[in-house]
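# Chains, contacts and geometry: an overview
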Amino acid sequence: MSRKITIEPVTRVEGHGKVTIHIDHEGNVTQTRLHIVEFRGFERFIQGRPYWEAPVLVERLCGICPVSHHLAAAKALDVIVGAGTGEGLTPTGEKMRRLMHYGQFFQSHALHFFHLASPDLLFGIDADPAIRNVIGVALKHKDLAVQGVLMRKFGQEIIKATAGKKIHGTGAIPGGINKNLSIEERDSFLKGPDPLNADKMVEWASGALDFFKTFHKGHKELIDNFSKFPSSHLSLVRKDGAMDLYHGVLRAIDSQGRKILNDVDYQEYTQYINEEVRPWSYMKFPYLTHLGETDGWYRVGPLARLNTCDFIPTPLAQKEFELFRAYTNGKPNNMCMHYHWARLIETLHAAEMIRQLLHDPDLHGNNLVTIGKKQKEGVGLIEAPRGTLFHHYRINDNDQIEMANLIVSTTNNNEPMNRAVNCVATSMMTGKKEITEGMMNAVEVAIRAYDPCLSCATHALGNMPLEISLYDQNNSLIDRKSK
Amino acid sequence: MSEKIAFTIDGVTCKGEKGQFLVDAARDNGIYIPTLCNIPGVNPKSCCRICTVYVNGLPMTACSLQVFDGMEIINDTPALIEQRKIILEALFVEGNHYCPFCEKSGNCMLQALAYRFGMLAPRFPYTFPVREVDASHPKIIKDQNRCILCKRCIKAIKDEKGRSIFAYHRRGNKLRVHIDPKLALALTDELAQKAMDVCPVGSILVREKGYRVPIGQRTYDKMPIGSDIEVKK
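Residues numbered from 1 in each chain as written. Chains lettered and ligands numbered in written order. Predicted model: local features only at pLDDT ≥ 70, side-chain atom pairs only at ≥ 80, totals over all residues. Heavy atoms only, no water.

### Quick look at the overall build of chain B
Counting its secondary structure elements, chain B contains seven helices and ten strands. Scaling as 2.2 N^0.38, a compact globule of 233 residues should have a C-alpha radius of gyration of about 17 Å, and chain B matches this with 18 Å. Taking the principal axes of the C-alpha coordinates as reference, chain B spans close to 50 × 45 × 40 Å. Counting the 233 residues in chain B, one finds 51% classified as buried. The contacts of chain B with a sequence gap of at least 6 include a subset with a gap of at least 24, amounting to 62%. When the accessible surface of chain B is totalled, it reaches about 11600 Å², and 55% of it is carbon and sulfur. The averaged location of the 25 negative side-chain charges in chain B is 4 Å from the averaged location of its 34 positive side-chain charges. (Helix = DSSP H or I, 4+ residues; strand = E, 2+ residues; numbered from the N terminus. Rg over C-alpha atoms; globule rule 2.2 N^0.38 Å. Buried < 20%, exposed > 50% of the residue type's maximum accessible area, 1.4 Å probe, protein only. Contact = heavy atoms within 4.5 Å. Areas by Shrake-Rupley, 256 points an atom, 1.4 Å probe, with all protein chains shown as cover. Lys, Arg positive; Asp, Glu negative; His and termini not counted. Charge placed at Lys NZ, Arg CZ, Asp CG, Glu CD.)

Listed below in structure tokens is the structure:
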């Protein structure tokens, strides 16, 4: 009897998605798909709006990483208002944006690791779902849960100081920023009451990394082999090869570490990136044009960033980066669960960057905006917590948005996530007479490693519905169970 | 010296000057009567009716009513607050007011009044009208989605010869505020900014200047609308 298994919704991720797994009458997994079942339409409905509204409009895509969309749009508009890319901004403009961005990274990564991912690690993939959640973490590992909450709070306060609000602020404007950082704000972050200060955040980020490494030692099989498959990797890097989450050039490597996109200008991304449409998903499938739809897919996000960059420009994160790279003898790391490791190294890097930036007097400058010769088109690229984020706008003669194309991080990871689902389903469900809750959670664990934002801003806590439907070979429903 | 008169608002004895409009006299006495279409110094038109109060038992608009001796005014009752909420809710559903991305958010009188009167969700169905953004003028953009037809721009924004740059166009539910295309060409930066400032919502925008005022520094970020008047009480 063939069966179709549906996991809907996928839980502890941002947004709403579902997984379908088809199993034939011999028990073989024949087809797996991660479906994105929401439709947002931002690219269309912002057409006609004045271009300077874009950073505030498009950030509504997400409640977790609005800063990423805010900044990617602002960077595209920097080009349109003639401020150029990156270096064209005033030091205050660029550094305030960077501070906002690293605050965003810090809070988002903390949220993901402590609240979304850690229940699987702390309690096990097969654990009772009644305890395998953030409340379970809070009850059994109070210190860890409190740290997660306060790390997120610190990041959110940084965002508020730079963007005006913790969620959906308006700090970045075309050509710069609308406020600087006051001395009082700086002091509150550097000398704030324990534990809400930059030194403590660096310490806690290191502690989270130590926790993961200890866990890794005890669970090598799970961490190294779960949903492992070779892939290409893509991210921004600084021109000298350093990790840079805010600005740089576009680099991609293949599974052996060979450069397949060699530090190119992202303004020309349309020459290198294309998107495939498949009829069963609202989410497109990007690929490197020169390698084609079949071979051109790639991973983005923390794992990809640590694979593509040459070094990390903060000392503590650089030491961890060296350990990370040594683990695979310098070769690209293709282990899905190492996303968590990479994410925690980035969390530490973000904390160090925040501390470093807070000591920079440029944050208090009054020269906030750069305006130059108007352009009709601009591309903004940024490394969002979940991966490389493209924003591309064209305006008409009346300053209205005429065209928008957004390739969000999770879209870039669409093919890898589908492969991860297939990998786990094939290895865990093939030949099994009974599909257990633990098996289905394993599929979710693979998806969760990518920290996807499936449609943004849909969050739930508690008793999430899960439905399994069994179909016969004629696709007729024979049984359905839900919880 | 102008003649002094006495009147009461909600039982509180107030003093004013003969010929003074009620909203102004109330303000001088530390009492806030909400207004939306009214601009101090410009002849009132009573367009929006948000300032309706009861004067000796009769409903009247406080922006256009001059005070007189012995007036007994009712301004703050649950029924009047409800009536003001209804007007606000009608204005919200009649247009497309997306506060979250509006440049005027925090400086918007309509939004501020909605907060003040505790509007959570409108009781009327949204109409979602299809309205255009007129971006054809060199200095300003007119977003018809947000226009509440209050007439403030028509009354307050004139060129050096006293001609109105804004005017009503068409009638009924097709009524719009349009910009005279020739006069708009002669708009100075100062007058364009004044047009944006005089608009109580985000319908008139100065080009390329959006979001320059950070959140936290906008008019109604720290205190609700009217509280600056009430602190004088």
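Text resumes after the structure shown.
### Side note on the side chain of Glu94 of chain A
Residue and element names in this part refer to chain A. Tracing the chain through its elements places Glu94 in helix 4 (residues 91–123). Taking the relative accessible area as the measure of exposure, Glu94 reaches 19% and is therefore buried. Those residues within four positions of Glu94 in sequence are excluded, and the remaining contacts are Gly86, Leu89 and Tyr246.

### A look at a nonpolar patch on the surface
A cluster of nonpolar side chains, namely Tyr98, Tyr126 and Phe128 of chain B, defines an oily patch on the protein surface of about 350 Å² accessible area. By the secondary structure assignment, Phe128 of chain B is in the loop between helix 3 (109–116) and strand 6 (133–134). (Patch = residues over 30% accessible without salt bridge, like charges linked within 9 Å, V, L, I, M, F, W, Y side chains within 5 Å. Salt bridge = Lys/Arg side-chain N within 4 Å of Asp/Glu carboxyl O.)

### A short note on the packing of aromatic side chains
Taken as a whole and judged by the stated rule, the model has 14 aromatic pairs over all chains. On the numbers, 4.7 Å between centres and 50° between planes, the contact of Tyr339 of chain A with Tyr450 of chain A is tilted. Taken as a pair, Tyr339 of chain A in helix 13 (residues 338–358) and Tyr450 of chain A in the loop between helix 16 (437–449) and strand 15 (467–471) lie far apart in primary sequence, 111 residues in all. On the basis of relative accessibility, which here comes to 1%, the residue Tyr450 of chain A falls in the buried class. Taking 6.0 Å as the distance between ring centres and 20° as the angle between the ring planes, the aromatic pair formed by Tyr98 of chain B and Phe101 of chain B counts as stacked. Given a relative accessible area of 41%, Tyr98 of chain B falls into the partly exposed group. (Phe/Tyr/Trp six-rings, centres within 6.5 Å; stacked < 30°, edge-to-face > 60°.)

### Remarks on the pattern of salt bridges
Under the criterion given, the structure shown has 48 salt bridges over all chains. With a closest N to O distance of 2.9 Å, Arg355 of chain A and Asp199 of chain A form a salt bridge. In this pair, Arg355 of chain A is assigned in helix 13 and Asp199 of chain A in helix 8 (residues 198–218), connecting sequence segments 156 residues apart. The class of Asp199 of chain A is partly exposed, set by a relative accessible area of 44%. A salt bridge links Asp143 of chain B to Arg146 of chain B; the shortest N-O distance between them is 3.5 Å. For the pair Asp143 of chain B and Arg146 of chain B, one class covers both residues: buried. In the salt-bridge network here, residues are joined through shared partners; they are Asp120, Arg132, Glu437, Glu444 and Arg448 of chain A.

### Some words on empty space enclosed by the protein
Residue and element names in this part refer to chain B. Applying the stated rule across the entire model yields six cavities of 30 Å³ or more. The computed volume of the largest cavity comes to approximately 80 Å³. For the largest cavity, the lining is made up of 13 residues, of which His97, Cys99, Cys102, Cys108 and Gly202 are closest to its centre. Each residue belonging to the lining of the largest cavity can be placed in one class, and the counts come to seven nonpolar, four polar and two charged. (1 Å grid on protein atoms, 1.4 Å probe; cavity = no way out; pocket = protein on both sides within 12 Å on 5 of 7 lines; lining within 4 Å. Points joined across faces, edges and corners; volume = space filled by probe spheres on them. Nonpolar A, V, L, I, M, F, W, Y, C, P; charged D, E, K, R; others polar.)

### Comments concerning the nonpolar core
Within the largest apolar cluster, 174 residues are counted, with the highest numbers of intra-cluster contacts made by Tyr393 and Met429 of chain A together with Phe166 of chain B. In this structure Met429 of chain A touches Ile5, Ile21, Ile23, Gly27, Val29, Val424, Ile435, Met439, Met440 and Val443 of chain A, once residues within four positions along its chain are discounted. Counting residues in hydrophobic clusters, the runner-up holds 19 residues, among them Val23, Ile31, Cys51 and Ile73 of chain B. (Core = buried A, V, L, I, M, F, W, Y, C linked by side-chain atoms within 4.5 Å.)

### Side note on helix 3 of chain B
All names here are of chain B. A large share of helix 3 lies buried, amounting to six of its eight residues. Within the span of helix 3, buried status applies to Met109, Leu110, Gln111, Ala112, Leu113 and Ala114. Contacts from the buried residues of helix 3 go to helix 2 (78–94) and helix 4 (152–156). A positive phi of about 70° marks Gly118, the residue just after helix 3.

### With respect to the packing of helix 12 (residues 315–327) of chain A against helix 13 of chain A
All names here are of chain A. In contact at an axis separation of 8 Å, helix 12 and helix 13 are set at 160° when each is read in the N-to-C sense. Relative to helix 13, the element helix 12 lies roughly antiparallel. Pair helix 12 / helix 13 crosses with left-handed handedness. Residues Pro315, Leu316, Ala317, Glu320, Phe321, Leu323, Phe324 and Tyr327 of helix 12 form the contact with helix 13, whose own contacting residues are His338, Trp341, Ala342, Ile345, Leu348, His349 and Glu352. Partitioned by chemical class, the residues of the contact of helix 12 with helix 13 number eleven nonpolar, two polar and two charged. (Axes fitted to C-alpha atoms, helices over the stretch in contact; angles between N-to-C directions. Parallel < 35°, antiparallel > 145°, perpendicular 65-115°, else oblique. Left-handed = near helix turned anticlockwise from the far one by under 90°.)

### Points about unusual backbone geometry
Look at Asp451 of chain A: it is not a glycine, yet its phi comes out positive at around 50°. Mapped onto the fold, Asp451 of chain A is located in the loop between helix 16 and strand 15. Positive phi values are uncommon outside glycine, yet Arg170 of chain B reaches one of about 70°. Turning to its location among the elements, Arg170 of chain B is positioned in the loop between strand 8 (166–169) and strand 9 (176–179).

### Some remarks on the interface of chain A and chain B
Listed per partner, the contact involves 23 residues of chain A and 19 residues of chain B. Interface of chain A and chain B: buried area, both sides summed, is about 1800 Å²; carbon and sulfur atoms make up 59% of it. Inspection of the region where chain A meets chain B yields four salt bridges. Close ionic contact of Lys374 of chain A with Glu208 of chain B constitutes a salt bridge, the shortest N to O distance being 3.3 Å. There are eight residue pairs in polar contact (both at pLDDT 80 or more) connecting chain A and chain B. (Buried area = accessible area lost by both parts, 1.4 Å probe. Polar contact = N/O pair within 3.5 Å; in protein donor to acceptor, adjacent residues only side chain to side chain.)

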